[in-house]
Every structure is written in C-alpha cells, then in structure tokens.
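Observations on chain architecture
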Amino acid sequence: MSLAYLKAAVADGDTETLVRYVRLHVGDGDESSGRREIDKAWVQALLPLLDVPEVDREFVLDTLKTKDRATLAHLFFSLHFHLVRESGDWIHDGDL
Amino acid sequence: MATSSDGQLRPGLWDTVNERYPGSMISKEDLVPLASLGRPLSEARLAFVSTAGVQPKGTLPFDVVHPVGDYSFRRVPSDSDPADLEIHQLKYPTDGAHRDLNVIFPIERLRELRDEGVIGGLTDNFFSFIGYNMDPGLLERTLAEGIAEAVCAEQAEVALLSPA
C-alpha cells in the first residue's frame, strides 16, 4: 500500500487497512506471517521479564519523556524486529 | 520462465505486488525516452545504481524497519574492497551475496570489464539504496532526483540500474 492509501485509510478511520499494512510489513508481504511475527515479538518481550529482573526504568522513562512521537514509534518497530531477530526464529530473507 | 504476450517476465508479478502493496508502484503517463549513448561503451564512464542495500561498513545502516521506507542513498566507492561493504536489506535473500557480494553488487566484475576495456571507465562512486519505499512520490522527488544529480555530478555517461 502506498502512503496515499494509508492516509486515505486514516481519514476514513479504516483501522483494519492500517493493521493489515503493518502485518504485511513485518510479515514480508504475507499477512498471516505478519500476525505470527507480531505475536512472536510480544512473547519475546514478555520472556525476559518473567523473573522480574532489574530494568533501567530511568532510561525508559527518560526516553518516553524526551523523545518525539515519531522517534518512539520508530523505536517500537525497531524493538519488534530486534526482539524477533534475537529469538533466532527469523523469517526474513535479508537482515537488519 | 514464463513470459506474457508483451514479453514481461513473471507475468502476474505486478498483480501480486499491487494486491499486497496497492498504489506502491510508480506509474508514468508520459513516455520518458531512454537517453542514447553518445559514444561507444568502451569509451564511456559508467555509474552503477543498485537497490541492494549495499553500503560501506561504518555508515548509518539503511532503515529497514521503517514501515514507509528509507529515502536515502549511500555512495559506494567503486574501488571498494567487498570486505569493506555490508548489506542492510530485509526483502531479498542475502546468503549468496554474503558469500560473494558480486552476485548482487558486481563491483569487482565491473572493474574487470573496465580493465579489459569493455567499459571506458567507472565513476568514483556507485550508488545504493533499498527498494522498500511505499511513497512513490517521495521516492521520485528525493531519492531518484538525488541519485540522478549525484550520477550527473560524477560525469557518468552510462548508468547501469539494477534492482535487487
């Protein structure tokens, strides 16, 4: 989907089109793969926290407070791919 | 490999692309004629332009996670050692290219063709970007124009364009 399609979806409140776009992006053009990749990333985000280790919350809070929305949104996508890659279950043809 | 009646390789590919990424393909209403070569290839300076996501090690990696794409390009010195280059690209298999970069970015083959006199010369820099760009207008206004200006500044007489 081009940016024009996405902006039309935003204007129409068509969330499903936007979500489908994200699934296609993280699933390398395959929507069902994208669903699995999103689930995989959430599991990878959960696993390191299960034993309640210390985390650098000051860094997190400072980042959330001081960085702009676009940078934080990019960080969200970056974390998705980073966590999936760290899992070792990498479906993409290329690499980061 | 199957071809359509108009000679298009892999017929149906564009339908698939447009189904998955509708509106992402650049379409041109006006005919843009190819520039004719003003001198033999053996006397011409060639620039190589690739979507392979190849870049010198140590430069900012291409933004492969961005959902709308990366509209920047990198200059790759044409005398680079492949060992000094790396690939940042999600959308094509890079295993072969990691064994021999020339399969996707034939920098050494082009130097050989220059040394053999098949090509008159090479520009000081080649150019590389990633092909995942979902805003065709921005791609045309920034990336395409930027590379075109850079190729002209290198006094290229031939541009070899290669999708990854």
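Everything quoted here is computed from the prediction, not taken from an experiment. (Residues numbered from 1 in each chain as written. Chains lettered and ligands numbered in written order. Predicted model: local features only at pLDDT ≥ 70, side-chain atom pairs only at ≥ 80, totals over all residues. Heavy atoms only, no water.)

The helix and strand inventory of chain B stands at 4 helices and 7 strands. From first element to last, N terminus to C terminus, chain B shows the α and β order α-β-β-β-β-α-α-β-β-α-β. For chain B, the residues scored as buried account for 42% of the 164 residues in total. Long-range contacts, defined here as pairs at least 24 residues apart, represent 74% of the contacts in chain B between residues at least 6 apart. As displayed, chain B offers around 9200 Å² of accessible surface, 53% of which is attributable to carbon and sulfur atoms. (Helix = DSSP H or I, 4+ residues; strand = E, 2+ residues; numbered from the N terminus. Buried < 20%, exposed > 50% of the residue type's maximum accessible area, 1.4 Å probe, protein only. Contact = heavy atoms within 4.5 Å. Areas by Shrake-Rupley, 256 points an atom, 1.4 Å probe, with all protein chains shown as cover.)

All names here are of chain B. For the structure shown, the criterion picks out 5 aromatic pairs over all chains. The interplanar angle of 80° and the centroid separation of 5.8 Å between the aromatic rings of phenylalanine 48 and phenylalanine 126 together place this pair among those described as edge-to-face. A residue pair is termed long-range when its members are at least 10 positions apart, and phenylalanine 48 in strand β1 (residues 45-50) and phenylalanine 126 in strand β6 (residues 125-128) qualify at 78 residues. In terms of burial, phenylalanine 48 and phenylalanine 126 fall into one category: buried. With a centroid separation of 6.0 Å and 65° between ring planes, the pair formed by phenylalanine 73 and phenylalanine 127 is classed as edge-to-face. Linking phenylalanine 73 in the loop between β2 (54-56) and β3 (74-77) with phenylalanine 127 in strand β6, this pair joins segments that are 54 residues apart in sequence. Exposure remark for phenylalanine 127: the relative accessible area of 0% places this residue in the buried category. The rings of Phe48, Phe105 and Phe126 are connected pair by pair, giving a single aromatic cluster. Over the ring of phenylalanine 62 we find arginine 74; its NZ or CZ atom is 4.3 Å from the centre of that ring. (Phe/Tyr/Trp six-rings, centres within 6.5 Å; stacked < 30°, edge-to-face > 60°. Lys NZ or Arg CZ within 6 Å of the ring centre and 35° of its normal.)

Residues and elements named next belong to chain A. Two elements in contact, helix α2 (residues 15-26) and helix α3 (residues 31-46), have axes separated by 7 Å at closest approach and are oriented at 85°. With respect to their mutual orientation, α2 and α3 come out roughly perpendicular. Facing Glu16, Arg20, Val22, Arg23, Leu24 and Val26 of α2, the residues of α3 in contact are Glu31, Gly34, Arg35, Glu37 and Ile38. Counted by class, the contact of α2 with α3 contains 4 nonpolar, 1 polar and 6 charged residues. (Axes fitted to C-alpha atoms, helices over the stretch in contact; angles between N-to-C directions. Parallel < 35°, antiparallel > 145°, perpendicular 65-115°, else oblique. Nonpolar A, V, L, I, M, F, W, Y, C, P; charged D, E, K, R; others polar.)

On to the pairing of β1 of chain B, then. All names here are of chain B. With 5 of its 6 residues buried, β1 lies for the most part within the structure. Pairing analysis gives 2 bridges linking β1 to strand β5 (residues 121-122), with the strands arranged parallel. Its bridge partner being in β5, leucine 46 is matched across the sheet by leucine 122. With 5 bridges connecting them, β1 and strand β7 (residues 158-162) associate as parallel partners. Each residue of the ladder has a partner; that of serine 50, found in β7, is serine 162. (Pairing = 2+ DSSP bridges.)

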